[in-house]
Amino acid sequence: MSDFNMFCYQCSQTARGSACTAKGVCGKDALVARLQDNLIFAMKGISAYNYHANELGARDEEVDEFLTKGLYSTLTNVNFDAADLIQLGLDAGEANFKVMKMLKEAHIEKFGEPVPAEVKVGAQGGPAIIVTGHDLLALEELLKQTEGTDVKVYTHSEMLPAHGYPELAKYESLAGQIGGAWIDQKKIFSEYNAAILGTTNCVLIPKDDYADRLFTMDIVKVPGATVIEDYDFKPLIDKAIELGGPEAEELTTITTGFGLSTILSLAPQIKELVLAGKIKRFFLVAGCDTPNPRMNYYREFVQELPEDTIVLTLACNKFRFNDLDLGDIEGIPRLLDLGQCNDAIVAIELAVALCDLFEMELNELPLTIVLSWMEHILWTLLYLGKTDMFIGPVLPAWANEDILNVLVGNYNLTPVSTPKEDIKKIMG
Ligand code: SF4
Ligand code: SF4
């Protein structure tokens, strides 16, 4: 937890002209300050999804209205009501639910519904572009412009799920994946003699040895990188050709692209296996990754799970364990990669479908959610009334003891301990 009770320097009344760190000069206390911070962080996540949905031509007035209202609620001398700010957190969860659904539908309309795809991991030789971030529209434009060249386009980090979309996978230049989560980019981008495109958040300020090979676009700007204008990727493609590309290396594979329809087509078989006791529990193991060594929790957790469990995953922390061969349960893969962080909507729709399948309420399902840092998605799950989730290993720093008590008391949120202990608790 933060050393400061609160930290706010957003107005001219701020203490000592520096920051209010114990109580606001305006009267705002630490609880209100932290709940306002939480709201801002959740709205940042919603804005990212909203931005990409808007780029694809999708818009939801209610989401836009919420973003304006939520932001206004954090202005000086507007809202000192902690209970109302918790409700605004839940409203943020609702807005995030809507925006994830809107973005998913826009992706499916443009690129088709994802189907499972086995993706080659590693360089295949020849001129190469590595694309990182989340922007599938940018990737599509790049794939169009690399048609007819011998440039190979590789995904990195959260671009991996692109391989599952039929309208992206059809391009011959989409060659495979290089690297894992965003945290490995300095190492990977140094190592591979490729041009690089950063499309969204989670791009790092480059090391000198690859800054002249890094291109960004649109809202993304980092020192040393060249900005692509109006989706004109010629400078990026020319750079890839000039570099000549990395040597071919030994390849491995990973599977991604489990869309809702694919999983629902297995529903009758899943039901049979659950009723026969061959599938005991589903786990959604998801969230953002960080370099914190405690994130190893996720690999150990998945490794330790009993063989009669299924793991659904999405977002970056999957790279902690998606190289593991978990096998299958009578043909149903035990590890199902649903996609990017916004594809949490697929997990939610799947949970709703499981409720129908087993005629159960959400919290009665044999489904446990283990989530690393993702506040907007956490608030969506709370808005939907999901209880008994595990979060960690790092707890949200905006949450003080009062807030954690509310989350534990109302939703039975459990901070993760050790994989073995948590699994014992969950499996009984
Ligand atoms: S809004 Fe309140 S807490 Fe923040 S700087 Fe101004 S006086 Fe301090
Ligand atoms: S899942 Fe989270 S950490 Fe990973 S690239 Fe997306 S926003 Fe960044």
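Whatever comes next refers back to the structure up there.
Residues numbered from 1 in each chain as written. Chains lettered and ligands numbered in written order. Predicted model: local features only at pLDDT ≥ 70, side-chain atom pairs only at ≥ 80, totals over all residues. Heavy atoms only, no water.

Caption draft 1: Spatial organisation of the overall build of the protein. Broken down by element type, the protein carries 15 helices and 16 strands. Taken over the C-alpha trace, the protein has a radius of gyration of 22 Å; the compact-globule value for 428 residues is 22 Å, and the two agree within 12%. For the C-alpha atoms alone, the extent of the protein along its principal axes is close to 60 × 60 × 40 Å. Across the 428 residues of the protein, 55% fall into the buried class. Accessible area of the protein: about 18,300 Å², with a carbon and sulfur share of 52%. With 35 positive and 62 negative side-chain charges, the protein shows a spacing of 4 Å between the two charge centroids. (Helix = DSSP H or I, 4+ residues; strand = E, 2+ residues; numbered from the N terminus. Rg over C-alpha atoms; globule rule 2.2 N^0.38 Å. Buried < 20%, exposed > 50% of the residue type's maximum accessible area, 1.4 Å probe, protein only. Areas by Shrake-Rupley, 256 points an atom, 1.4 Å probe, with all protein chains shown as cover. Lys, Arg positive; Asp, Glu negative; His and termini not counted. Charge placed at Lys NZ, Arg CZ, Asp CG, Glu CD.)

Caption draft 2: A look at the site of ligand 2. As a structural note, the neighbourhood of ligand 2 is formed by His134, Glu158, Trp182, Asn201, Cys202, Cys288, Asp289, Ala315 and Cys316. Structurally, ligand 2 is housed in the largest pocket. Class assignment for the residues of the shell around ligand 2 results in 5 nonpolar, 2 polar and 2 charged. (Near = heavy atom within 4 Å. 1 Å grid on protein atoms, 1.4 Å probe; cavity = no way out; pocket = protein on both sides within 12 Å on 5 of 7 lines; lining within 4 Å. Sits in = over half its atoms within 2 Å of the grid points. Nonpolar A, V, L, I, M, F, W, Y, C, P; charged D, E, K, R; others polar.)

Caption draft 3: Structural view of the pairing of strand β9 (residues 281-286). Buried residues dominate β9, accounting for 6 of its 6 residues. Side chains Arg281, Phe283 and Val285 project from β9 onto one buried face, and the interleaved Phe282, Leu284 and Ala286 project onto a second face that is buried too. Read from β9 through helix α11 (residues 297-304) to strand β10 (residues 309-314), the crossover connection turns out right-handed. (Right-handed = clockwise from strand over helix to strand, strands pointing away.)

Caption draft 4: View of the packing of helix α1 (residues 30-55) against helix α3 (residues 82-111). Look at α1 against α3: their axes get within 9 Å of each other, and the N-to-C directions meet at 10°. By the angle between their directions, the pair α1 and α3 is classed as roughly parallel. Contact with α1, carried on its side by Leu31, Val32, Leu35, Gln36, Asn38, Leu39, Ala42, Ile46, Tyr49, Asn50, His52 and Ala53, involves Ala82, Leu85, Ile86, Leu88, Gly89, Ala92, Ala95, Asn96, Val99, Met100, Met102 and Leu103 of α3 and no other residues of that element. (Axes fitted to C-alpha atoms, helices over the stretch in contact; angles between N-to-C directions. Parallel < 35°, antiparallel > 145°, perpendicular 65-115°, else oblique. Contact = heavy atoms within 4.5 Å.)

Caption draft 5: Up close: helix α12 (residues 344-358). In a regular helix each residue adds 1.5 Å, so 15 residues correspond to 21 Å; α12 covers 21 Å between its end C-alpha atoms and thus fits that length. When you tally the buried positions in α12, you get 11 out of 15 residues, the bulk of the element. Within the sequence span of α12, burial applies to Ala344, Ile345, Val346, Ala347, Ile348, Leu350, Ala351, Ala353, Leu354, Cys355 and Phe358. Backbone geometry just downstream of α12 places glutamate 359 in the positive-phi region, at approximately 50°. (Expected span 1.5 Å × (residues − 1).)

Caption draft 6: Layout of the sheet that holds strand β14 (residues 367-371). Ordered by their spatial adjacency, 6 strands build an open sheet running β13-β10-β9-β14-β15-β16, and the pairing between neighbours is parallel. Lying at the two open borders of the sheet, with one neighbouring strand each, are β13 (335-339) and β16 (414-415). Bridging between β9 and β10 involves 6 bridges; their strand directions are parallel. Residue pairing across strands places arginine 281 opposite threonine 309, the latter belonging to β10. The sheet contacts of α12 involve β9, β10, β13 and β14, and relative to β10 the element is tilted by about 145°. (Pairing = 2+ DSSP bridges.)

Caption draft 7: Quick peek at the site of ligand 1. Lining the immediate environment of ligand 1, one finds 13 residues, of which Cys8, Cys11, Cys20, Cys26 and Thr76 sit closest. Each residue belonging to the shell around ligand 1 can be placed in one class, and the counts come to 7 nonpolar, 5 polar and 1 charged.

Caption draft 8: Region of interest: the pattern of salt bridges. For the structure on display, the rule yields 20 salt bridges. A salt bridge links glutamate 158 to lysine 318; its shortest N-O distance comes to 3.3 Å. Linking glutamate 158 in the loop between β3 (152-155) and α5 (166-169) with lysine 318 in the loop between β10 and β11 (328-329), this pair joins segments that are 160 residues apart in sequence. Taken individually, glutamate 158 and lysine 318 each receive the classification buried, so the pair is uniform in this respect. Through salt bridges that share partners, Glu62, Glu94 and Lys98 make up one connected network. (Salt bridge = Lys/Arg side-chain N within 4 Å of Asp/Glu carboxyl O.)

Caption draft 9: Examining the layout of surface pockets more closely. Approximately 740 Å³ is the volume attributed to the largest pocket. Residue lining of the largest pocket: 31 residues in total, with Gly45, Ala48, His134, Asn201 and Cys202 positioned closest to the centre. For the lining of the largest pocket, the elements supplying multiple residues, two or more each, are α1 and α13 (375-383). Among the elements that make up the lining of the largest pocket, the one with the highest residue count is α1 (8 residues). By residue class, the composition of the lining of the largest pocket is 14 nonpolar, 13 polar and 4 charged. (Points joined across faces, edges and corners; volume = space filled by probe spheres on them.)

Caption draft 10: Expanded view of the environment of lysine 144. Locating lysine 144 in the fold gives a position in helix α4 (residues 136-146). Between the C-alpha atoms of lysine 144 and leucine 168, which are 24 residues apart in sequence, the distance is 9.5 Å.

Caption draft 11: View of α1. Over its 26 residues, α1 extends 37 Å from the first C-alpha to the last, a length consistent with the 38 Å expected when each residue adds 1.5 Å. Count one or two residues on from α1 and you reach glycine 57, which has phi positive near 90°.

Caption draft 12: Inspection of the side chain of aspartate 289 at higher detail. Mapped onto the fold, aspartate 289 is located in the loop between β9 and α11. Residue class for aspartate 289 comes out buried when judged on its relative accessible area of 4%. With near-sequence residues (within four places) excluded, aspartate 289 lies in contact with Ala181, Trp182, Ile183, Met295, Cys316, Asn317 and Arg320.

Caption draft 13: Layout of the packing of aromatic side chains. One pass over the structure, following the stated rule, counts 9 aromatic pairs. On the basis of an interplanar angle of 75° and a centroid distance of 5.7 Å, the ring pair of phenylalanine 283 and phenylalanine 301 is categorised as edge-to-face. Of this pair, phenylalanine 283 sits in strand β9 while phenylalanine 301 is found in helix α11, placing the two residues 18 residues apart along the sequence. This pair shows no difference in class: phenylalanine 283 is buried, exactly as phenylalanine 301 is. (Phe/Tyr/Trp six-rings, centres within 6.5 Å; stacked < 30°, edge-to-face > 60°.)

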